[in-house]
Amino acid sequence: MKIITCIKQVPDSEAKVTAQNGQPSWGEAPLVINPFDEYAVEAALLQREAQDGEVIALCIGPDSAKDALKHALAMGADSAILVSDPALGALDSQGAARVLAAAIQKIGGADLAIFGRQTLDEGTGLTVSQTARALGWPLLSFAGSIKAEGGKITVERVIEEGKQTVSAAAPAVLSVVQSIGEPRYPSFMGIRKASKAVIPVWTLADLDIAAPAPVVTRAELLNPPVRDQACEMLTGETPEAIAETLVEKILAEKVL
Amino acid sequence: MKTWAYIDHFQGEPVPASWEALGVAKTFGEVTAVILGAGLDALAQIALEYGADSVLVADDPALADYRAEAFAATLTALITDSAPQAIFLPTTTRTREVAAMSAFDLASGVLVDVTALEAQDETILATRPVYEGKLFEKVTCSARPQFITLRARAFPKPARQAGRSGAITKAAAQAESKTSVEGFTPAETNVNLADAGVVVSGGRGVANDPAKGFGLIGDLAKTIGGAVGASRAAVDANYIPYAHQVGQTGKVVSPDLYVAVGISGAVQHLVGMRSSKVVVAVNKDAEAPIFTQARYGVVADLFTFLPILNAAFKKKLGK
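Quick notes on the rules
- Residues numbered from 1 in each chain as written.
- Chains lettered and ligands numbered in written order.
- Predicted model: local features only at pLDDT ≥ 70, side-chain atom pairs only at ≥ 80, totals over all residues.
- Heavy atoms only, no water.
- Helix = DSSP H or I, 4+ residues; strand = E, 2+ residues; numbered from the N terminus.
- Buried < 20%, exposed > 50% of the residue type's maximum accessible area, 1.4 Å probe, protein only.
- Contact = heavy atoms within 4.5 Å.
- Areas by Shrake-Rupley, 256 points an atom, 1.4 Å probe, with all protein chains shown as cover.
- Lys, Arg positive; Asp, Glu negative; His and termini not counted.
- Charge placed at Lys NZ, Arg CZ, Asp CG, Glu CD.
- Pairing = 2+ DSSP bridges.
- Phe/Tyr/Trp six-rings, centres within 6.5 Å; stacked < 30°, edge-to-face > 60°.
- Lys NZ or Arg CZ within 6 Å of the ring centre and 35° of its normal.
- Buried area = accessible area lost by both parts, 1.4 Å probe.
- Salt bridge = Lys/Arg side-chain N within 4 Å of Asp/Glu carboxyl O.
- Polar contact = N/O pair within 3.5 Å; in protein donor to acceptor, adjacent residues only side chain to side chain.
- Domains from an automatic or database assignment.
- Nonpolar A, V, L, I, M, F, W, Y, C, P; charged D, E, K, R; others polar.

Asks: An account of the overall build of chain A is needed here, citing residue identities and associated values.
Replies: When you go through chain A residue by residue, the secondary structure sums to 7 helices and 15 strands. C-alpha atoms of chain A, sized along the principal axes, occupy 70 × 45 × 40 Å. Considering chain A as a whole, with its 256 residues, one finds that 52% of them fall into the buried category. Taking all contacts inside chain A whose residues are at least 6 apart in sequence as the whole, residues at least 24 apart take part in 71%. As displayed, chain A offers around 11200 Å² of accessible surface, 52% of which is attributable to carbon and sulfur atoms. Here chain A contributes 22 positive and 32 negative side-chain charges, whose respective centroids are spaced 7 Å apart.

Pasting the structure below:
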């Protein structure tokens, strides 16, 4: 079984991100593999363990995004590919999907392409569906578990309303949710292997496509409005008195 | 501007934010509500009552189960026939997929999880959170139709007028899909956090007795008509199922009232609840960051304070 896991590099969740002259800035905070994509890598490794085969990590980004791919290698991925090109500055989700689909085709296809449910930066959650569309593969989204048997992929989708069992013939595009299993920590051997890995970089010319023109474009990037209220700390002689004050305050807000 | 509202539902049960999408669409003039599924007569009538001028339904047994490919292909065909300029949808797991695929088919784009919007001529300038809600961006879509998915509770819900009528047009479904639904197990409790007007959430503060702590939180939520939420710490510690998680890796909520109990207020939790209208925090630690987001704060042990607060609410609300 050949599994491609599509990952992205994003600022660490603890980072303080601000808008500076219309651009996002996260200061000295590290860039990391998108946390949701770690579950995608985990899901790919679990399938390899169950089925044998290989796991290829794929990422679009600048040269520094190799660090995110090295994390996937350290977790246990067999190989990694970075798609990087100066012309890819203003990709929207649809453009990213076209580039990923072209890279997946250049790899020679796969049985599964596994994504995290969304990224922490743009967070549109669109790319996985659009990659499925670009490849013409079925989409099995929000998978909490995956079973592959004789070319048939069955997933248990974890959705708001419950759990839905859905199947499709491989090749398929999947997105996974946390119940797939906690991402494993990179092993010492894995980290050593990853640090020595030479990650190939593919340009748009290698993929034989032009830079997709964005349909969705950002006009402005803004810091959130500052909350100008101070917290009113409620005190009183007894907990009963405090509770009564709080109830009165809440009822006066007319939010119940 | 020719504008559509997409009514999202699960097996005929509408997602409430669909009506908010309908209300927004209506501000641009006449609006057609679009509904895909099976057995949609009742839902089509409700859409008229919430203000749709007409309803377009693809009502077909083949669409009884949601399958992204079939729903997207059907929507794409309807759009190709009628060429709307903009389609407003509630943001749900389903609409993200259907809009993404249909937009891809039509070489157009999707503005996702929109919290505010302006219109310049016929182009929508949409505000949406990025970087986990730490920043906002304003985005536009240069192609047509513009797909705009709205964050639940970011826009007002229109009033429902019983008996309001309008034309209901049936359209064909494109039922082919590469996926098949083999089974469904409904969730034990439907935790509809995104649409909740009141949320009471618990965190690590319940650690001494998680079952009792979330019991007390549930009691208070019941008294004030709220849904139960939780911090990631509480979910990671298995105090409560993931469906309740509020935050960057859980659900984003914007209730009128958010009560945070025993939650310290990690950044990843704050991004999930900071658009709440009124925030109340109860925490033992007076220095907890959650108080920076709160309008009212109480420094107290939740195990002693919650029963007292619940009793005080019951007394005032006559329950």
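So much for the structure itself; the text now carries on.
Asks: Tell me about the sheet that holds strand S13 (residues 179-186) of chain B, residues and numbers included.
Replies: Read across the open sheet, the 10 strands follow the order S13(A)-S7(A)-S6(A)-S1(A)-S8(A)-S12(A)-S9(A)-S10(A)-S11(A)-S13(B); overall the sheet is mixed. The sheet is open, and its two borders are formed by strand S13 (201-202) of chain A together with S13 of chain B, each paired with just one other strand. As paired strands, strand S11 (residues 162-169) of chain A and S13 of chain B are joined by 7 bridges and run antiparallel to one another. Each residue of the ladder has a partner; that of Gly 162 of chain A, found in S13 of chain B, is Pro 186 of chain B.

Asks: I'd like to hear about the packing of aromatic side chains, residue by residue, with values.
Replies: Two numbers describe a pair of aromatic rings. These are the distance of the centres and the angle of the planes. For the coordinates displayed, the defined rule picks out 5 aromatic pairs over all chains. Plain terms: the ring middles of Phe 28 of chain B and Phe 88 of chain B are 5.6 Å apart, the flat faces sit at 15 degrees to each other, and that makes the pair stacked. One end of the pair, Phe 28 of chain B, is in the loop between helix H1 (17-26) and strand S4 (31-37); the other, Phe 88 of chain B, is in strand S6 (residues 86-90), with 60 residues separating them in the sequence. One exposure class covers both Phe 28 of chain B and Phe 88 of chain B, and it is buried. Against the face of Trp 202 of chain A rests Lys 106 of chain A, its NZ or CZ located 5.0 Å from the ring centre.

Asks: Please give an account of the interface of chain A and chain B that cites residues and values.
Replies: Across the boundary between the two partners, chain A contributes 80 residues, which contact 83 residues of chain B. Between chain A and chain B, roughly 7000 Å² of surface is buried when both sides are summed, and carbon and sulfur atoms account for 57% of that area. Counting the contacts that link chain A with chain B gives 10 salt bridges. Between Glu 137 of chain B and Arg 218 of chain A there is a salt bridge, with its nearest N and O atoms 2.7 Å apart. Put simply, chain A and chain B have 34 residue pairs in polar contact (both at pLDDT 80 or more) between them.

Asks: Can you explain the domain arrangement of chain B? Please cite residues and give values.
Replies: All names here are of chain B. Split by domain assignment, chain B resolves into domain 1 (3-170) and domain 2 (198-317). A straight line from the C-alpha centre of domain 1 to that of domain 2 covers 32 Å. The interface is formed by 6 residues belonging to domain 1 together with 9 residues belonging to domain 2. Here domain 1 meets domain 2 over a buried area of about 570 Å², counting both sides, of which 41% is carbon and sulfur. The three residues of domain 1 that bury the most area against domain 2 are Glu 132, Arg 151 and Arg 153, which together make up 76% of that side's buried surface. At the boundary of domain 1 and domain 2, one finds 1 salt bridge. Two residues, Arg 153 and Asp 256, come together in a salt bridge whose shortest N-O distance is 3.1 Å. Between the two partners, domain 1 and domain 2, sit 3 residue pairs in polar contact (both at pLDDT 80 or more). Along the lines of polarity and charge, the residues of the side of domain 1 that touches domain 2 split into 1 nonpolar, 1 polar and 4 charged.

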